[in-house]
Amino acid sequence: MPDVGVLSAHLLSGFQKELFTRLSESGHGQLRPRHGAVMAHLGVDGSRASELSERSGQHKQVIGTLIDELEALGYVVRQPDPADRRAKLVVPTARGREEMVLAKRIVGEIERRFAELVGAERFAEFKAVFDEIARTY
C-alpha cells in the first residue's frame, strides 16, 4: 500500500481536477487550483491576507500574488479593514461569492459520493482522523 503522502497527493490531485473542471464548466475557467489557497479560506465579509496565509499554510508573498491574480480576474477586491484602517481586507466580489457558493456545492457533492462509496459512518471517521492528523502540521 502506498504511504500516506502518496495517497494524500493522489486524492488532492483527483479532487482538484474534478472541482476545477466543474467550476470551469460553470463559467469559472480562469481559476486554477493555486487560487484555492485564497478562495477556500476567504470569509464572505472578507479576510486579511495574513489570515489567508495562516489558514492556507502559504507564504505571505504567495498569497499576495494570488490576491493580485484574483483581483485582476474580478473575484476579489482590497478594501480598508473597518477594524483597523491601516490594514486591508480581501473581500469577495459578486463573482467571487458566486464561485464560493458553487465550489461549496461541488465539494459537498464530491463528499457525498465518497460517503456513498465507503459508507457515511466510515467517511465521517476518515474525515475526523484526517483532520486530526492534518492539524499537526
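Use the structure listed above.
Visitor: Explain the overall build of the protein chain here, please?
Guide: Of the regular secondary structure elements, the protein chain holds 6 helices and 2 strands. Along its sequence from the N terminus, the protein chain presents helices and strands in the succession α-α-α-α-β-β-α-α. When the backbone C-alpha atoms are referred to their principal axes, the protein chain occupies close to 50 × 35 × 25 Å. Excluding contacts between residues fewer than 6 apart, the proportion of contacts in the protein chain whose partners are at least 24 apart in sequence is 52%. Carbon and sulfur atoms make up 56% of the accessible area of the protein chain, which amounts to about 9,200 Å² in all. Between the centroid of the 20 positive side chains of the protein chain and the centroid of its 20 negative side chains there is a distance of 5 Å.

Visitor: Would you mind showing me how to read the pairing of strand β2 (residues 84–92) here?
Guide: Where strand β1 (residues 76–81) lies against β2, 6 bridges are found, and the strand directions are antiparallel. When the sheet's bridge partners are listed, Arg-78 is paired in β2 with Val-90. Where β1 folds back onto β2 in an antiparallel hairpin, the turn is made up of 2 residues.

Visitor: Looking at this structure, I do not really get the packing of aromatic side chains. What am I missing?
Guide: The description of an aromatic ring pair uses the distance of the two centres, along with the angle that the planes make with each other. Taken as a whole and assessed by the stated rule, the structure comprises 3 aromatic pairs. Note on Phe-114 and Phe-123: the rings are 6.0 Å apart at their centroids and 55 degrees apart in plane angle, and the pair reads as tilted. Exposure remark for Phe-114: the relative accessible area of 22% places this residue in the partly exposed category. For Phe-123, a relative accessible area of 11% puts it in the buried group. Here Phe-126 and Phe-130 contribute two aromatic rings whose centre-to-centre distance is 5.4 Å and whose plane-to-plane angle is 25 degrees, an arrangement assigned as stacked. Linking Phe-126 with Phe-130, this pair stays in helix α6 (residues 120–134), spanning 4 residues, or about one helical turn. Given a relative accessible area of 40%, Phe-126 falls into the partly exposed group. An aromatic cluster is defined as three or more aromatic residues linked by ring pairs; in this entry it consists of Phe-114, Phe-123, Phe-126 and Phe-130.

Visitor: So what exactly am I meant to see when it comes to helix α1 (residues 4–25) here?
Guide: Because an α-helix packs 3.6 residues into every turn, residues spaced three or four apart end up facing the same way. Here α1 is 22 residues long and its end C-alpha atoms lie 31 Å apart, about the 32 Å a rise of 1.5 Å per residue gives. All of the buried residues in α1 are Leu-19, Phe-20 and Leu-23. Taken around the axis of α1, the buried residues stretch over an arc of 90 degrees, which confines them to a single face. Seen from the open side of α1, the exposed residues pointing more than 90 degrees away from its buried face are His-10, Lys-17 and Glu-25. Where α1 is buried, its residues contact α2 (36–39) and α5 (94–118). Residue Asp-3 occupies the N-cap position of α1, its side-chain oxygen lying 2.9 Å from the main-chain nitrogen of Gly-5. Directly beyond the C-terminal end of α1, a positive phi value near 100 degrees is found at Gly-27.

Calculation criteria
Residues numbered from 1 in each chain as written. Predicted model: local features only at pLDDT ≥ 70, side-chain atom pairs only at ≥ 80, totals over all residues. Heavy atoms only, no water. Helix = DSSP H or I, 4+ residues; strand = E, 2+ residues; numbered from the N terminus. Contact = heavy atoms within 4.5 Å. Areas by Shrake-Rupley, 256 points an atom, 1.4 Å probe, with all protein chains shown as cover. Lys, Arg positive; Asp, Glu negative; His and termini not counted. Charge placed at Lys NZ, Arg CZ, Asp CG, Glu CD. Pairing = 2+ DSSP bridges. Phe/Tyr/Trp six-rings, centres within 6.5 Å; stacked < 30°, edge-to-face > 60°. Buried < 20%, exposed > 50% of the residue type's maximum accessible area, 1.4 Å probe, protein only. Expected span 1.5 Å × (residues − 1). Arc of directions from axis to C-beta. Polar contact = N/O pair within 3.5 Å; in protein donor to acceptor, adjacent residues only side chain to side chain.

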